[in-house]
Amino acid sequence: MSETPLLAVHDLEKRFPLGGGSLSKPRAWVRAVDGVSFSVKRGESFGLVGESGCGKTTLGQLIVRLIDPTGGRIEFEGQDYASMNRAEIRLVRKRMQIIFQDPYSSLDPRMKVDSIITEPLRAVQRISKTKRRDAAAELLERVGLRAVDLDKYPHEFSGGQRQRIGIARALCVRPELVVADEPVSALDVSIQAQIINLMQDLKDDFDLSYIFISHDLSVVEHICDRIAVMYLGTIFELASSESFSLAPRHPYARALLMAVPQPDPQRRVKPVSMEEDVPNPVDPPSGCTFHPRCQFAFDHCRVERPPLVETIPSHYVACWLNQGRGIEGEIK
Ligand code: SF4
């Protein structure tokens with residue numbers, strides 16, 4: 001019997017209205033997330049990667065219920081959010097936390113570190129102030145800061161230290177799933193590796209599963225077991241990091257990988273270029289939404305959207321060339 005995933009999303013959708021007032025109809029809709037399905041196993045690190053505006057941050061916010069979906073389903077340990085009552089949703093929220101991208105704006109400048117870290121704990125559990133402070137001190141030390149830092153304000157810390165505080169805050173309620181939304185992109189390159197290594201250590205110590213969101217494929221490849229490549233709200237490729245790194249199959253994924261310096265001579269990535277800018281998500285291209293930028297596009301690509309199918313074991317691709325259409329042997 002297959003194990004129930006910790007998290008599963010099915011055909012998830014999020015549309016945002018554009019223009020119009022409270023009484024008038026929106027002028028248009030932006031499909032930020034457009035029929036996304038995947039699952040995350042307990043203990044897994046799952047990477048979501050794509051250019052800015054591809055919908056990955058919206059997807060992360062849907063998962064932790066900072067925003068509500070327009071369609072589709074989210075299940076936590078097999079239970080649909082929609083079927084849960086308010087108390088059950090509160091409990092599930094405790095089991096999932098988010099680390100935000102910007103360590104400068106994500107911490108309230110008027111609160112001391114003690115209050116920042118224990119804020120999620122206060123929301124879900126009645127616990128004495130002393131015990132809360134002890135828990136915060138322990139966490140602060142675990143993320144590489146000192147207990148005396150509890151009485152300081154965010155402006156007294158560097159960017160890397162603030163992100164450590166953000167991580168301690170996320171871990172305070174002992175979550176099982178952490179959504180990390182570009183957790184290192186606002187940091188100096190020299191600090192990024194420290195935070196990534198810290199997150200890997202914490203994953204083992206706290207039995208965590210991660211959804212790691214990034215525009216940087218090299219970071220995601222380093223930390224994640226599986227990778228999903230997103231473009232205009234949909235998943236184009238989903239595979240283990242190993243299979244993906246060795247031979248990405250979607251032209252967009254290959255173009256992304258080409259942008260990463262490649263020290264590994266084993267990699268079989270043929271050069272692929274992207275020919276246009278990212279299309280307007282309000283009026284996405286017909287068929288395969290990547291076709292205006294794809295050097296391999298052929299007539300059928302402009303008409304029908306390719307489904308995400310398993311092309312080799314556990315490696316899923318949404319591209320007609322990988323599904324026996326077009327010029328045979330073009331993408332190998
Ligand atoms: Fe390119 Fe067509 Fe594949 Fe889309 S379906 S990525 S346009 S070859």
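Provided above is the structure to which this section pertains.
Residues numbered from 1 in each chain as written. Predicted model: local features only at pLDDT ≥ 70, side-chain atom pairs only at ≥ 80, totals over all residues. Heavy atoms only, no water.

Let's talk about the overall build of the protein
Summing up its helical and strand segments, the protein has 9 helices and 12 strands in all. The C-alpha atoms of the protein give 21 Å as radius of gyration, which agrees with the globular expectation for 332 residues (20 Å, within 12%). Across its three principal axes, the protein shows a C-alpha extent of roughly 70 × 55 × 45 Å. The 332 residues of the protein split such that 50% are buried. For the protein, long-range pairs separated by at least 24 residues make up 62% of all intrachain contacts whose partners lie at least 6 apart in sequence. (Helix = DSSP H or I, 4+ residues; strand = E, 2+ residues; numbered from the N terminus. Rg over C-alpha atoms; globule rule 2.2 N^0.38 Å. Buried < 20%, exposed > 50% of the residue type's maximum accessible area, 1.4 Å probe, protein only. Contact = heavy atoms within 4.5 Å.)

Examining helix α6 (residues 189–205)
Across its 17 residues, α6 extends 25 Å between first and last C-alpha, which sits within 8% of the 24 Å expected from 1.5 Å per residue. Within α6 the residues assigned to the buried category are Gln192, Ile195, Ile196, Leu198, Met199, Leu202 and Lys203. What you see down the axis of α6 is that its buried residues fit within an arc of 160°, all on one side. Facing away from the buried surface of α6 by more than 90 degrees, the exposed residues are Ser190 and Asp204. Positive backbone phi, approximately 50°, marks Asp207, located one or two places after α6. (Expected span 1.5 Å × (residues − 1). Arc of directions from axis to C-beta.)

Thoughts on the sheet that holds strand β1 (residues 7–18)
Overall, antiparallel pairing links the 4 strands, which are arranged β2-β1-β4-β5 in an open sheet. Each having just a single partner strand, β2 (28–40) and β5 (79–80) make up the two edges of the open sheet. (Pairing = 2+ DSSP bridges.)

Remarks on the sheet that holds strand β3 (residues 45–49)
Pairing is mixed in the open sheet, where 8 strands are placed in the order β6-β7-β8-β3-β9-β10-β12-β11. Lying at the two open borders of the sheet, with one neighbouring strand each, are β6 (96–99) and β11 (309–312). Adjacent strand axes in the sheet meet at a mean angle of 25°, parallel and antiparallel pairs treated alike. As paired elements, strand β9 (residues 226–231) and strand β10 (residues 234–240) share 6 bridges and run antiparallel to each other. Bridge assignment links Ile227 to a residue of β10, and that residue is Ala239. (Axes fitted to C-alpha atoms, helices over the stretch in contact; angles between N-to-C directions.)

Re the packing of helix α3 (residues 113–124) against helix α5 (residues 159–171)
The relative placement of two packed helices is expressed as an angle between their axes plus a distance between the axes. For the pair α3 and α5, the least separation of the axes is 6 Å and the interaxial angle reads 35°. In the crossing of α3 with α5, the sense of the turn from one axis to the other is right-handed. Between α3, through Val113, Ile116, Ile117 and Pro120, and α5, the contact on the second element is made entirely by Ile165, Ala168 and Arg169. Split by residue class, the contact of α3 with α5 holds 6 nonpolar, no polar and 1 charged. (Left-handed = near helix turned anticlockwise from the far one by under 90°. Nonpolar A, V, L, I, M, F, W, Y, C, P; charged D, E, K, R; others polar.)

As for the side chain of Arg169
Relative to the helices and strands, Arg169 is located in helix α5. Glu119 provides the closest opposite charge to the buried, salt-bridge-free Arg169, at an N-O distance of 4.6 Å. In this view, Arg169 contacts Phe100, Ser106, Leu107, Ile116, Ile117 and Pro120; residues no more than four positions away in its chain are not counted. (Lys, Arg positive; Asp, Glu negative; His and termini not counted. Salt bridge = Lys/Arg side-chain N within 4 Å of Asp/Glu carboxyl O.)

As for the site of the ligand
In the vicinity of the ligand lie 13 residues, with Cys288, Cys294, Cys301, Cys319 and Trp320 positioned nearest. For the shell around the ligand, the class distribution of residues is 11 nonpolar, 2 polar and no charged. (Near = heavy atom within 4 Å.)

Some words on the nonpolar core
Counting residues in each nonpolar core, the largest one holds 64 residues, and the members touching the most others are Ile117, Ile165, Ile167, Met199 and Phe212. In this structure, Leu48, Ile74, Ile213 and Leu238 belong to the second largest nonpolar core, which totals 31 residues. (Core = buried A, V, L, I, M, F, W, Y, C linked by side-chain atoms within 4.5 Å.)

Re the environment of Thr57
You can see Thr57 is positioned in helix α1 (residues 56–63). Spatially, the C-alpha atoms of Thr57 and Val33 are 9.7 Å apart, while their sequence positions differ by 24 residues. Leaving out residues up to four positions away in the same chain, Thr57 has contacts with Asp181 and Ile213.

Let's talk about the packing of aromatic side chains
One pass over the full model with this rule turns up 7 aromatic pairs. Measuring from centroid to centroid gives 6.2 Å for Phe236 and Phe290, while their planes differ by 70°, and the two rings are edge-to-face. Within this pair, whereas Phe236 is found in strand β10, its partner Phe290 is found in the loop between α9 (251–258) and β11, the two being separated by 54 residues in sequence. For the pair Phe236 and Phe290, one class covers both residues: buried. Aromatic ring contacts, followed pair by pair, group Tyr231, Phe236, Tyr252 and Phe290 into a single cluster. Taking NZ or CZ as reference, Arg15 lies 4.8 Å from the ring centre of Trp29, over its face. (Phe/Tyr/Trp six-rings, centres within 6.5 Å; stacked < 30°, edge-to-face > 60°. Lys NZ or Arg CZ within 6 Å of the ring centre and 35° of its normal.)

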